[in-house]
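# Coordinate inspection notes
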Amino acid sequence: MANNVRHRKPTPKSPPADAAHNADDVVWGKTPSGEVFRVPTTHDVLTALFHPAYPKSHLDMLNLSLLAAQIVLFAVLPRQIARIFFLCYFAFWRAAYDAGLGWVLTKQSKKRWMVKEITRRGWLDADRRPRVRQWIRDQLVGKMGKDYEFDELPLEYNTWLLFRQAVDIVLVNDFLAYTLFAFTCFRVPTDLAFPIHVFRWVAGIILILFNFWVKKEAHDVVKDYGWYWGDVFFQRGNLIFDGVFELAPHPMYSVGYVGYYGLSLIVGSYAVLFVSLATHASQFAFLILFENPHIERMYGQKKAIAKRTPLQTATKKNSAPPEDTPTVTEGETATETELETEVEETTTIIGYENVKPKASTHKPTLSMSSSGSSSKIPSQAPPRKKTTLSQHDLLTKYFRSDLLIFKNLDLLRASDALIVLVVLYSLMLTLLVRSAPFHFFHALVWCLFHNVGLGLLLQAQSESKYLVRHYMKHYHYPSTEEKGAVLEAFASWKVLYNGSSLMTYVSLLGLVYRTYQVPTQWLVGDALLRHVLGALAVSLHVWASMESYEVLGVFGWFFGDFFMEEFPKNLEYSGIYRFLNNPEIMGGAAWFGLGIVSGSGLVVAVAVVRHLGYWWFLRNVENPHMQKLYGDSLRKEAGFVKVIKNVTSKLEAPRVAREVKGTFDKVYEETADVVEEFLRKSRPRIKGVVQDTKVLLQQSREKLVITRVSANNSYDASKYTARVSGGKRRFYLGEPITVKWEAPKNHSRRDWIGIYRVGANKSDLVTRTSSMGMWEGVYGAEWEGDVHVGWDGDEDETQHKERRKENKVGGTVVFKGNTLPWMCGTYEIRYHHDGKHNVMSLDGPIEIHVDQPTTLDFQTVREGLKKVVPLCLDSDPALIPVSCKPVVANGSVPDAASVEGNGEHHTEDGRDPDDFSFWSEKQAKRICLAVKEMFGVEYAPEVVVADANLGALARRILVSREVLGTGLGESVDPV
């Protein structure tokens, strides 16, 4: 960055040596370029804006003027006009917050847009814009303390301070506009009793005070640095989220907005309630669209799919896993031969993975399935050598894209088809039988069966392996299948549990359908309020269930630790489990929500029974099993309870809290005892047609494009060229394609180049078919997806002017990864003008091909995969098999006999050098397409992810060809 942008003394690249003694008083920051600086003291917005002793900048005066204008308008405008005005005014500031700040922060997070814009415009350049620089300097110096020196701080920090003042204007005016809008809607409902009015006011005031407390506590934790998204501009150490951040996820955006609902209660207005709901929803949109992606970019680590990290069995129960442990990935089952070798071996003790029930960091990144394959392996294919067991292997062994509610539904799988038939049968009963008591009994039976019946079965499995013993006693398994009974017992349990869970919802909805009556007057009485509260409860249910599954994964969701002993026993609380020990309890919110909506006592009764049943399940089944497995590593208090206890202790009310807690504990124990006592007593050949249909569908997809043609015909197409680099005309499937282009100096920066099948476009002047994602902008860095965001000033301005002096400009575009064609054929290169579909230059044809082996045996199949799999994985050294690398980790060239041939060579830690992994499912899809082109066998991505090994995939291909009728040594024909 040019020195004339900011005049300052050089800042040391690391904290000075004498900084140790005052480390508590000095905070150090670091810019993206690595420059270290001392962070000055800042003041919160309320103090800086309203305290008379603090100097006010011009932006502060503007802010105070806007606030004063709102108050004056509230006082002078008629109530009806004021209501409309403040609603629109609040919508403006809310849009400026969630949409405006979100857009600006996203661009700053991705490309440092704000810093580059200030640099490009010269606002802090004393030579280019001295007056602007002096004005900005005056605004910032006047507000900061004595430790702030404008000229000695980096551009990123001063940009953040300037951004802060703009944020203050938005936040304060947004809050005041909402408050004044609420006051314009104030009314006293006449159809409510006096106790209800008292409740409204008391509850509203409590919610508002709680809202302010959450915001204050959150600010005390993250300080101004986190409050104003400082990490978008510079780093200031890792953010530590404790205190109120253990109360609820994203407390500033979740429980930090309950004051809006408290004010809605006080003013007694549905309009304010719905505006509050819309405001809260927009804030969550800000969180999802900006803040979470930024956190992932800033602090997240890329996790490989199907990476085989050896496990150790739990000899040290409470050992922490290593930091570089990869994310657990659900996967595909391997062939039976592979499973046999896995269960016969002695597991090498190396490390831990985070797989555990109900408090796990197991986060599935890809849901996998398998259709399986024959256990008959051709004699020409050598068996896979025994390897150390990995978590990926265990997950692919026990999970096969199992039905989860209706996810992974396969009607050709008998268990799935039967569940669908049972659901349809239940829906028919709902339509045909009008008796509400019948549907109440139906829902009650399913509820008791799911929570108590299956709970007793799971309890017996925990205590004596009842289910496994049953299958071992009654069914025969080959002697080589040591875990055959466990696998079948667990598979049956998963079907039973999912079917029962699904039927509890279906039967409840049937009862709601038969007891619900559509209100005739929505604005009279509590009809609208009941529906709003019910919808919120259902939303809470859905959110809690999704968050629980995100942490537990398929392993914890199906209570895998009741059946599997191979998984290491290790607890780590993350996600929603950071705040609650049993968030599934909130999963019953939908039941009470539907009871509120329907207004039926029968629905509420089923909800109560379901809730008591789940309490019984936790107390008698899950908690004892968790205690048996994890012992002292189980925590006693979740984050929510700890925060509440800390608050009550600060309020000096421990005795009252203990008495209330004791009362609830006593009621719970007595209720549970009563419930416990009560329960104690009481294929034709149509491939050609299918293939033709696929081709037609593919062609129809290509034609689904709205052609945009530029109306400006002043550009001379003869001055544009796009040619494949080196004149190469044949590319292997997945091989990057480099295109050199030239254009006039005044060409559009929105020009782009696409790859199309030869013959897909009849015209050489206009492209009328979709590129199917196979395109690149000539200035690729200026595109975000399909949107051209423009030049961001990365190129030095002098260089940019020099390039503009030339008659032509040019560059290269590299097609790789998802922008490549992944089907063999002939293609052409088309250069398009200004983001439209006018063709300025055309080159081709080029051929995409693969090498199809003339004979099929293990060696030729594996060699073919060795060539194409690295290309499908973008030749990423972190993903491709070790056997495909020219040099191994120690720098020596591997012995051909050790990694070629049968692939039986193993690394020092026992890993198979044929193993590979993925960053995304798209890479697995590429391998599927390559396998189809090379060997004529079609697989789903889940199957490839499950194998994730060259040898295993080669064996699968050989088995598939044999099953489909083409034996070894025969010529390859499309399957």
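Basis of the calculations
- Residues numbered from 1 in each chain as written.
- Predicted model: local features only at pLDDT ≥ 70, side-chain atom pairs only at ≥ 80, totals over all residues.
- Heavy atoms only, no water.
- Helix = DSSP H or I, 4+ residues; strand = E, 2+ residues; numbered from the N terminus.
- Buried < 20%, exposed > 50% of the residue type's maximum accessible area, 1.4 Å probe, protein only.
- Pairing = 2+ DSSP bridges.
- Axes fitted to C-alpha atoms, helices over the stretch in contact; angles between N-to-C directions.
- Patch = residues over 30% accessible without salt bridge, like charges linked within 9 Å, V, L, I, M, F, W, Y side chains within 5 Å.
- Areas by Shrake-Rupley, 256 points an atom, 1.4 Å probe, with all protein chains shown as cover.
- Salt bridge = Lys/Arg side-chain N within 4 Å of Asp/Glu carboxyl O.
- Core = buried A, V, L, I, M, F, W, Y, C linked by side-chain atoms within 4.5 Å.
- Contact = heavy atoms within 4.5 Å.
- pLDDT = per-residue confidence, 0-100.
- Parallel < 35°, antiparallel > 145°, perpendicular 65-115°, else oblique.
- Left-handed = near helix turned anticlockwise from the far one by under 90°.
- Expected span 1.5 Å × (residues − 1).
- Arc of directions from axis to C-beta.
- 1 Å grid on protein atoms, 1.4 Å probe; cavity = no way out; pocket = protein on both sides within 12 Å on 5 of 7 lines; lining within 4 Å.
- Points joined across faces, edges and corners; volume = space filled by probe spheres on them.
- Nonpolar A, V, L, I, M, F, W, Y, C, P; charged D, E, K, R; others polar.
- Polar contact = N/O pair within 3.5 Å; in protein donor to acceptor, adjacent residues only side chain to side chain.

Along the backbone of the protein chain there are 27 helices and 12 strands. Buried residues in the protein chain amount to 47% of all 975 residues.

Further remarks concern the sheet that holds strand 12 (residues 839–849). The pairing of strands in a sheet comes from backbone hydrogen bonds and takes either a parallel or an antiparallel form. One open sheet accounts for five strands, arranged 4-12-11-6-7; its pairing is mixed. In this open sheet, the two strands that pair with only one neighbour each are strand 4 (730–732) and strand 7 (775–777). Sheet twist, expressed as the mean angle between neighbouring strand axes with direction ignored, is 30°. Of the strand pairs in this sheet, strand 6 (residues 752–757) and strand 11 (residues 825–832) are connected by six bridges, and their pairing is antiparallel. Paired with Gly-754 across the two strands is Arg-830, which belongs to strand 11.

On the surface, Phe-186, Val-188, Trp-201, Ile-205 and Leu-209 cluster together into a nonpolar patch covering about 480 Å² of accessible area. Structurally, Leu-209 is set in helix 7 (residues 194–227).

With that out of the way, let us pick up the nonpolar core. By size, the foremost hydrophobic cluster in this structure holds 65 residues, and its most contacted members are Leu-105, Tyr-157, Phe-163, Trp-229 and Phe-233. Broken down by element, the residue count for this core peaks at 16 residues, all from helix 6 (residues 155–184). Excluding anything up to four places from it in sequence, Phe-233 contacts Pro-32, Leu-105, Gln-108, Met-114, Val-115, Glu-156, Thr-159, Trp-160 and Phe-163. Formed by 62 residues, the second largest nonpolar core is a distinct cluster that contains Ala-306, Tyr-827, Ala-930 and Val-937.

Moving on, we get to the pairing of strand 2 (residues 36–39). As paired strands, strand 1 (residues 27–30) and strand 2 are joined by four bridges and run antiparallel to one another. Each bridged residue has a counterpart across the sheet, and for Gly-29 the counterpart in strand 2 is Phe-37. The hairpin turn running from strand 1 into strand 2, its antiparallel successor, is five residues long, and Gly-34 in that turn takes a positive phi close to 100°.

The next thing to look at is the confidence of the model for the protein chain. A residue-level look at the protein chain finds 75% of positions with pLDDT of 70 or above and a mean pLDDT of 78. Low pLDDT, under 50, characterises residues 313–379; the predicted model gives this stretch 218 contacts beyond four residues in sequence or across chains. Taken together, the stretch residues 968–975 has pLDDT below 50 and engages in 27 contacts with residues farther than four places along the chain or on a different chain.

What follows covers the packing of helix 12 (residues 414–432) against helix 15 (residues 484–515). For the pair helix 12 and helix 15, interaxial distance at closest approach is 10 Å and the crossing angle is 15°. Judged by the inter-axis angle, helix 12 sits roughly parallel to helix 15. Handedness of the helix 12/helix 15 crossing: right-handed. Between helix 12, through Ser-415, Ile-419, Val-422, Val-423, Ser-426, Leu-427, Thr-430, Leu-431 and Leu-432, and helix 15, the contact on the second element is made entirely by Val-495, Asn-498, Gly-499, Leu-502, Met-503, Val-506, Gly-510, Tyr-513 and Arg-514.

Looking now at helix 17 (residues 589–598). Among the 10 residues in helix 17, eight count as buried, and that is most of the element. Those residues of helix 17 not exposed but buried are Ala-589, Ala-590, Trp-591, Gly-593, Leu-594, Gly-595, Val-597 and Ser-598. Next to the buried residues of helix 17 lie helix 15, helix 16 (527–557) and helix 18 (601–630). At the C-terminal side of helix 17, Gly-599 shows a positive phi close to 65°.

What follows is about the pairing of strand 3 (residues 721–724). Here strand 3 shows one buried face, formed by Ala-722 and Val-724, and one open face, formed by Thr-721 and Arg-723. Pairing of strand 3 with strand 5 (residues 737–744), which is carried by four bridges, proceeds in the antiparallel orientation. Bridge pairing in strand 5 places Ala-722 opposite Trp-741.

Here we come to unusual backbone geometry. With an omega dihedral of 0°, the bond running from Gly-844 to Pro-845 counts as a cis peptide bond. By the secondary structure assignment, Pro-845 is in strand 12. Phi is positive for Arg-112, which is not a glycine, with a value near 55°. Mapped onto the elements of the fold, Arg-112 is located in the loop between helix 3 (79–111) and helix 4 (113–121). You can call Arg-112 partly exposed: its relative accessible area is 24%. Positioned with a positive phi, Ile-405 is a non-glycine residue whose angle comes to about 55°. With respect to the element layout, Ile-405 can be found in the loop between helix 11 (391–398) and helix 12.

Our focus in this paragraph is the sheet that holds strand 3. Here three strands make up an open sheet; going across it, the order is 3-5-10 and the pairing antiparallel. Strands with a single pairing partner mark the edges of an open sheet, and in this sheet they are strand 3 and strand 10 (808–815). The average undirected angle you get between the axes of adjacent strands in this sheet is 20°. Relative to strand 10, strand 5 runs antiparallel, the two sharing eight bridges. Residue pairing in the sheet places Thr-738 in a bridge with Val-814 of strand 10.

Charged atoms that come close allow side chains of opposite charge to pair. Applying the stated rule across the entire model yields 26 salt bridges. Here Asp-98 ties to Arg-94 by a salt bridge, and the two come within 3.3 Å at their closest N and O atoms. Placement of the pair is Asp-98 and Arg-94 together in helix 3, with a separation of four residues, close to one helical turn. We note that Asp-98, like Arg-94, is buried. The partner of Glu-782 in a salt bridge is Arg-749, with the nearest N and O atoms 2.4 Å apart. Separated by 33 residues along the polypeptide, Glu-782 in the loop between strand 7 and strand 8 (783–784) and Arg-749 in the loop between strand 5 and strand 6 bring together distant segments of the chain. Within this structure, Arg-94, Asp-98 and Asp-174 form a network of salt bridges that share partners.

Over its 19 residues, helix 2 (residues 58–76) extends 27 Å from the first C-alpha to the last, a length consistent with the 27 Å expected when each residue adds 1.5 Å. Listed in full, the buried residues belonging to helix 2 are Leu-59, Asp-60, Asn-63, Leu-67 and Gln-70. For helix 2, the buried positions fall inside an angular range of 115° around the axis, keeping them on one side. Exposed residues lying more than 90 degrees from the buried face of helix 2 are His-58, Ala-75 and Val-76. Residues of helix 2 that are buried make contact with helix 1 (45–50), helix 3, helix 5 (130–143) and helix 6.

Empty space within the largest cavity amounts to approximately 150 Å³. For the largest cavity, the lining is made up of 13 residues, of which His-43, Lys-143, Met-144, Arg-164 and Gln-165 are closest to its centre. Taken together, the elements giving at least two residues each to the lining of the largest cavity come down to helix 1, helix 5 and helix 6. A total of four residues in the lining of the largest cavity trace back to one element, the largest contributor, which is helix 6. Each residue belonging to the lining of the largest cavity can be placed in one class, and the counts come to six nonpolar, three polar and four charged.

What follows deals with the packing of helix 7 against helix 8 (residues 258–267). A pair of packed helices is characterised by two quantities: the angle between their axes and the separation of those axes. Relative orientation of the contacting elements helix 7 and helix 8 amounts to 155°, with a least axis distance of 7 Å. With respect to helix 8, the axis of helix 7 lies roughly antiparallel. The chirality of how helix 7 crosses helix 8 is left-handed. When helix 7 is examined against helix 8, the residues Arg-200, Trp-201, Ala-203, Gly-204, Ile-205, Leu-207, Ile-208, Phe-210 and Asn-211 are found in contact with a partner set consisting of Val-258, Gly-259, Tyr-260, Tyr-261, Gly-262, Leu-263, Leu-265, Ile-266 and Val-267. Taken together, the residues that form the contact of helix 7 with helix 8 break down as 13 nonpolar, four polar and one charged.

Okay, the environment of Thr-184 next. Residue placement: Thr-184 occurs in helix 6. Thr-184 sits in the buried class, given a relative accessible area of 0%. Separated by 102 residues in sequence, Thr-184 and Ala-82 have C-alpha atoms that sit 6.7 Å apart. Residues contacting Thr-184, with those up to four places away along its chain left out, are Phe-74, Arg-79, Ala-82, Arg-83 and Phe-86. A polar contact is formed between the side chain of Thr-184 and the backbone oxygen of Phe-181, at a distance of 2.5 Å.

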